[in-house]
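What the coordinates show
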Amino acid sequence: MILRPTACHFMHYLAVLLSIVLIPTPSASSPTLKSPNIRRASSSASTRQRISINEGWRFWRSEQNPDNIAYDTRSDLSSHESLEVLKPWILPSANDFIASPAKHHVRPSDPPHTNVTYASLPFDDGEWERIDLPHDWAVQGPFYRGDNVPVTGGMGRLPVHGVGWYRRRFSVRPEDAGKKIYLEIDGAMSYAMVWLNGEIVGGWPFGYNSFQLDITPYLIAEDDNLLAIRVDNPTQSSRWYPGGGMYRNVWLTKVNPTHISQWGTFITTREVSAGSATLDLTVRVENKGEENCEVEVVTNVYEIDLDSGLKVEEKIAEFPRSTLDLEAGQTKSINTSTTVQNCLLWGPPPSQQPHMYVAITRLFCNNSTIDTYSTTFGIRTLEFHPMDGLLINNEPIRLQGVNQHHDLGALGAAFNLRAAQRQLEILRDLGCNAIRMAHNPPAPELLDLTDRMGFVVVDEIFDNWEREKTPNGFQLIFADWHEPDLRAFLRRDRNHPSIVAWSYGNEVGEQYTDEAGAALARTLRDLLREEDTTRPSTASMNYAKPDMPFPAVLDLISLNYQGEGIRDAPAYEHLEGIKTPPQYGVFHEAFPEKLVFSSESAASLSTRGTYLFPVTPEISSPVTDETGGDERGRRVSAYELYTSDFGASPDKVFGSQDRHPFVAGEFVWSGWDYLGEPTPYYSARSSYFGIIDLAGFKKDRYYLYQSRWRPDLKMAHILPHWNWPDRVGEVTPVHAFSAADEAELFLNGVSKGRLQKEEFTYRFRWDEVTYEPGELHVVTYKDGEPWANDTVRTTGEAAKLHLTADRTAILADGYDLAFIAVEVLDGEGELVRTADNAVTFSISGPGGIVATDNGDPADMVAFPSKERKLFGGLSLVIVKARKGEAGEIKVTASGDGLEDGEITVGSQRY
Ligand code: GAL
């Protein structure tokens, strides 16, 4: 029987009570609303309980060190002479992830000297801000403008720096007596240190990893307990926007002292076919109690219904029962195997479906259940073939991938499941089937989404090792933390079927250090292999060459920009810097047994809806103030031919990949625009690299990739817009993107020529069109048959605002969001793509405006603002329902001289 989610409230409680696996729906159009957080809240009250403690925190931040403590000394803290270093109390938190007992850290027997007021019970935090998690303290801005600011363009010009304190009270119930209670933090940016009831518990410096702390020894039974968490975010610590604070979910997990370890299960598959598969299961059990105990381990396997995401009730397999004798304090693992018949395999759509299973492991002691633990997984085969590329279940799957940073645009780094899901939905529509998690572990829920939606993932952990990229980067903690960080990352993520490969480095400086760099790569690779032998690993290279020692260490050859060549086209000749001829061929020759792919391609640049003249006749050109760039407006032309100095246009990348058919595909830099790294205009706030802008609007480039990645889609797309009152009589090139092989352009009914796509060209371009107002119409053909058409018209004046929402109803659960697009139309209902009217938003009913944006990297108006100019005729409003309140949320947009736009979104009680 399949449990159908007919009533979402009921399902929620059922899910929590019965530990049913519920995975967030990937479809925005699905009529069923589910809570973003159900998936990770689980389990029967008598065994394991995982409780969200996102709500009800107090928060305070100081730009300067406010308390004379720090994880470690650091150059920016050198003026604090009396600084107390707390590293000795934090390092033991890593012990479960350090293999050699000899290297385990011993907690100092005494507490630190400093009396940390903010962590103490009597301190009155009543004046501090009330907040709920996930929380990013910086995203509300304001943006720093100008020079000599604490946070510059690279890190997003938002106030990410400083020390943040978070405090929250909670009580434990009498029935919790004797249990182990863990605090689980999915990620805190950064140098998290945790106190309970004034005593230091531990912490985790790397801001992107998830970690847990055993808080049991510090609890005060049946009373108010005070959690205090300190987060320290140095400036110059990142090459992009890191966000600030407790930006992911936080949980309390209560378990019997004898329980399955954190991330303590691992399921791998072998002898896989549609007929059957063998599953190998490891379960790690720890006895933290004072008595020896004999534990029976029972694991049943269930299918997860593809549509509903719910566990099917009937089990389809079980593992043989195993027994473990655990002395007090002991940890042991069982390894067992079973076979599943009639397998439904996990694979990426559209040719395959992402079928999933869940293994529910129960521990029994004296015939009663003492722990229940769910492991979702998929059954699939992976092959990395040097000629055929990635094969999933024996089918070659070309990597049509993008790189994604962790921020969610106007919502900052604070994780939100619906926002992440929306990012993936827009990418899926593009034909994208793969994501590289650049360059750090994502929120765990994002991997649930990629599993469920069938994206292929390269999961990446580090942007640098010992060699620095920014003064306060990971190199400061590499020596102590590379092993625990790597092992924690792998154990957390290894059951996700969407992950096909690991990356333990991006463009690391060790590429330059010959044997020493290769030796460090080998150390990391070997650690990785101790945790997972089922997937290959790699580190991306923008510099290392086939004859250097570095690539020999890697299982896969992952090239950043080198494949198609760096500064290797006529328009790049005048540039300084390393010039690299195309590398696909030489790597393939040197490593004929290894798969080669592009882990970063393109790095092309554009601002949505901006077209600058003259247009380069080349297929790829670096942006300069003379061509493609407008320094004053901080805009890059969207003819989609312009790139960073080291980049290449999509057209150039496609050509290079097609000339080297063994290349397994690419991960474009980047899928979405992101906060920070606003190359080439560092006085702006966000990137120009995205195929999709920061607000989620499609740039013209979207259609260029779509024409390649969805060749069966009958689509044609013309650029630019056709509102050029100042260009009458001037040459105004027209380009069209389509999977068609022929296209004819008409301007006011007059043909501008029928073009055929030549080999290794990927767009139709009519570069000599002279502008006159009216109508551009493109008619395309494939194999001689009509394919798809597109029309662009000169519009009238902006007349009215028009609102559309991504969904008609949202849940009032405190997390769910509606994304409302605002368009400005002329009297005929045509989008006016040149309009930049100022618009004011208002809202009534049980909801609030969280943020607004328009996707312009140079718009320095803070995200929470309810007034924002349209950009390219568009803007975005993000709305959240008030928790627990059902009703109709009405959003109105108004602007001078414009008819108001209005929309109603339902809010459903959770
Ligand atoms: C690469 C780097 C990315 C990003 C990109 C665009 O070199 O790996 O993180 O910086 O360039 O600038």
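Calculation notes
Residues numbered from 1 in each chain as written. Predicted model: local features only at pLDDT ≥ 70, side-chain atom pairs only at ≥ 80, totals over all residues. Heavy atoms only, no water. Helix = DSSP H or I, 4+ residues; strand = E, 2+ residues; numbered from the N terminus. Rg over C-alpha atoms; globule rule 2.2 N^0.38 Å. Buried < 20%, exposed > 50% of the residue type's maximum accessible area, 1.4 Å probe, protein only. Contact = heavy atoms within 4.5 Å. Axes fitted to C-alpha atoms, helices over the stretch in contact; angles between N-to-C directions. Parallel < 35°, antiparallel > 145°, perpendicular 65-115°, else oblique. Nonpolar A, V, L, I, M, F, W, Y, C, P; charged D, E, K, R; others polar. Domains from an automatic or database assignment. UniProt positions renumbered as here; feature names shortened; annotations may be inferred. Pairing = 2+ DSSP bridges.

**A closer look at the overall build of the protein chain**
Scanning the protein chain from terminus to terminus reveals 9 helices and 51 strands. Taking 29 Å as the expected radius of gyration for a compact globule of 910 residues, we find that the protein chain reaches 28 Å, a close match to that expectation. Seen through its C-alpha atoms, the protein chain measures out along the principal axes to roughly 90 × 60 × 60 Å. Looking at the protein chain as a whole, 64% of its 910 residues are labelled buried. Within the protein chain, contacts between residues separated by at least 24 positions form 72% of all contacts whose residues are at least 6 apart in sequence.

**Examining the packing of helix 3 (residues 417-430) against helix 9 (residues 701-709)**
Running from N to C, helix 3 and helix 9 cross one another at 55°; their axes reach a closest spacing of 8 Å. For the element pair helix 3 / helix 9, the angle class is oblique. Where helix 3 approaches helix 9, its residues I426, D429 and L430 are matched on the opposing element by Y702, Y705, Q706 and W709. For the contact of helix 3 with helix 9, a count of residues per class yields 5 nonpolar, 1 polar and 1 charged.

**Remarks on the domain arrangement of the protein chain**
Taken domain by domain, the protein chain holds domain 1 (2-10 + 257-382), domain 2 (51-255), domain 3 (718-793) and domain 4 (800-908). Relative placement of domain 1 and domain 4: their C-alpha centres are 44 Å apart.

**Let's talk about the side chain of T336**
If you trace the backbone, T336 turns up in strand 18 (residues 331-341). Contact partners of T336, with chain neighbours within four places excluded, come to L279, D280, L281, F319, P320 and S322.

**Here we look at the UniProt feature "domain: Glycoside hydrolase family" (unreviewed entry) in the protein chain**
Per the UniProt record, "domain: Glycoside hydrolase family" (unreviewed entry) is found at residues 801-904. In residues 801-904, helix accounts for 0% and strand for 52%; the two terminal C-alpha atoms are 14 Å from one another.

**Examining the sheet that holds strand 45 (residues 817-825)**
An order of 43-45-49-47 is seen for the 4 strands of this open sheet, with the pairing classed as antiparallel. Of all strands in the sheet, those with a lone pairing partner are strand 43 (800-805) and strand 47 (847-853), marking the two edges. Pairs of neighbouring strands in the sheet enclose a mean axial angle of 30°, with direction left out of account. In this sheet, strand 49 (residues 874-881) lies alongside strand 47 in antiparallel orientation, the contact comprising 6 bridges. If you follow G847 over to strand 49, its bridge partner there is A881. Most of the contacts of helix 3 go to strand 45, to which it runs at about 55°, and overall it touches strand 45 and strand 49.

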